[in-house]
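Fold and geometry: a report
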Amino acid sequence: MSDAAVPHKANSNASHAGRRTGHWFRRALESDVFYSFRRSRLTMAAAAVTFLFFLLAISAPILAVQNPFDPAQLQLMNSRIAPLWMADGQSPFLFGTDEQGRDVFSAILYGLRISLTVGVLGVLFSGTLGIILGLMAGYFGGAVDGLIMRIADVQLTFPAILIALLINGVAKSMFGNRLDAMSTLAVLVFAIGLSFWVQYARTVRGSVMVEKNKDYVAAAQLIGLPAPVIMLRHVLPNAMGPILVIATINLALAIITEATLSFLGAGMPDTMPSLGTLIRIGNNYLFAGEWWIVAFPGFALAALILSINLLGDWLRDALNPKLR
C-alpha cells in the first residue's frame, strides 16, 4: 500500500463516521420522543430550568463572589446583610448574607454542586446495583431470583429516608469525628444508593423474564455467548426506556433525601453545605427577620425538584407506547 493511500483511508473512515453521526442525529430529531418534547412547552421550560441549574453548579467558581467553603474569605462584619434591592443591601451580595458573612447567592451555587453531585452519584450507584441484581434475578431465576426479590420485599417495607438515616447513623457511629466533608458525601451517596435500587431491580427483572424466552436470546445461547454478554448486550437495551424514567424521577428523590438528611443534621456539615444544610441554617433565623437566608435556598431546591419531576413525568408518557 502506498503512503498516499493511508490518508485517503483515514479520511474515508472519518467521513463514514460523520455520516453515521449525522444519520443518528436526524433520526433523533425525527423520533416520536423529540416530537413530543417540542409539543410540550411546559417540558421545554422544565428542561431549560434543569439545564440552567446544572450550568450554574458547574460555573459556581466563576459566578460566585466568594468561596463559601473557604473560611478565610468570610468576614463576620458582613453577616446578616439584606438582599441588594432592600434598603440595607450592599454590593456585591445579591441575595444578602448569612450569620457567618457568607454570600447567600454563592452558597446556593456551591450548595447546588453538592446536592446535584450526591443526587447524580446516588442514582448511578443505585441504578448500577439494581440493574445488575435485576438481570441476575430475571435471567437465572430459581433460588437466585427468590433470594434477591425477598431482600427487595424486605427493603420495601421500610421508607427510603429511614434506610438512609440508618446507614448514615451506622457510618457515623463507626467513624465518628474521622468523617470529613468528602467522606460524609461518600456515605450519603452509599446510603441513598442502597435506598433506591429496588425499583431498578424489579423493573429490569420483569423485562428480562419476558425477553429471555425470545428467539434472539436462544440464538445467542446457541452460539455459546456467555450469560453476562447476553444480559448486557442483548437483553438490557430492551429495558432502557423504563430505566431512564426511573432514573429521572429518582434523581429528584435522591436530592430530596439528601436535603432531608442535611436538614435533620445527618447530612453535609456547615463547612460544606448543600441546599438542605443551607435551609437548616437559615431556618434558625427565619423569625429573626433574616428571611432571605432560608427563602432563596428553599426556592432553588423547590424549583430544581419541580423541573426534574416534570421531565420525569413527560419521559414516562413519551416512552409509553400505549400513549402514542
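Residues numbered from 1 in each chain as written. Predicted model: local features only at pLDDT ≥ 70, side-chain atom pairs only at ≥ 80, totals over all residues. Heavy atoms only, no water.

**Concerning the overall build of the chain**
To be explicit about the condition: Comment: elements are numbered from the N terminus, with helices defined as DSSP H or I runs of at least four residues and strands as E runs of at least two. Each residue's exposure class comes from its accessible area (1.4 Å probe, protein chains only) as a fraction of the maximum for that residue type: buried when under 20%, exposed when over 50%, partly exposed otherwise. Contacts are assigned to residue pairs with any non-hydrogen atoms lying within 4.5 Å of each other. The Shrake-Rupley method, run with a 1.4 Å probe sphere, supplies the accessible areas, and residue values consider only the shown protein chains as cover.
Of regular secondary structure, the chain possesses 14 helices and zero strands. For the chain, the succession of helices and strands along the chain, N to C, is α-α-α-α-α-α-α-α-α-α-α-α-α-α. For the chain, the proportion of its 324 residues judged to be buried stands at 41%. The contacts in the chain between residues at least 6 apart in sequence include a share of 70% that link residues at least 24 apart. Surface accessibility of the chain: about 17500 Å² in total, with carbon and sulfur atoms responsible for 66%.

**Structural notes on the pattern of salt bridges**
Short version of the rule: When a carboxyl oxygen of Asp or Glu lies within 4 Å of a side-chain nitrogen of Lys or Arg, that pair is called a salt bridge.
A full pass over the atoms with the stated rule returns six salt bridges. The salt bridge partner of R280 is D270, with a shortest N-O separation of 2.6 Å. Remark: D270 occurs in the loop between helix 12 (240-263) and helix 13 (275-283) and R280 occurs in helix 13; sequence separation between them is 10 residues. Taking the shortest distance from any N to any O, the salt bridge between D313 and R316 comes out at 3.6 Å. A residue pair is termed a helical-turn pair when its members lie 3 or 4 positions apart in one helix, as D313 and R316 do in helix 14 (residues 292-318) at three residues.

**A closer look at the packing of helix 10 (residues 215-222) against helix 11 (residues 227-235)**
Worth spelling out the cut-off: Simply put, an axis is a line fit to the C-alpha atoms, just over the touching stretch for a helix, and the angle between two N-to-C directions goes from 0 to 180 degrees. By definition, any crossing whose near helix is turned counterclockwise from its far helix by less than a right angle is left-handed, and any crossing with a clockwise turn is right-handed. Note on residue classes: Ala, Val, Leu, Ile, Met, Phe, Trp, Tyr, Cys and Pro are nonpolar, Asp, Glu, Lys and Arg are charged, and everything else, Gly too, is polar.
Direction vectors running N to C along helix 10 and helix 11 enclose 145 degrees, while the axes themselves pass 11 Å from each other. Note that helix 10 runs across helix 11; the crossing there is right-handed. Contacts between helix 10 and helix 11 involve Y216, V217, A220 and Q221 from the first element and I230, H234 and V235 from the second. Its residues assigned to classes, the contact of helix 10 with helix 11 shows five nonpolar, two polar and no charged.

**Re the side chain of S115**
For the record, the criterion: A 3.5 Å cut-off defines polar contacts: any pair of N or O atoms within that distance qualifies, except that in protein one atom must be a possible hydrogen donor and the other a possible acceptor, and neighbouring residues in sequence count only when both atoms are side-chain atoms.
Looking at where S115 falls in the secondary structure, it is placed in helix 5 (residues 104-140). By relative accessible area, which is 0% here, S115 ends up buried. Here L275 takes part through its backbone nitrogen, which lies 3.3 Å from a polar atom of the side chain of S115. For S115, the residues in contact, after removing those within four places along its chain, are I255, E258, S274 and L275.

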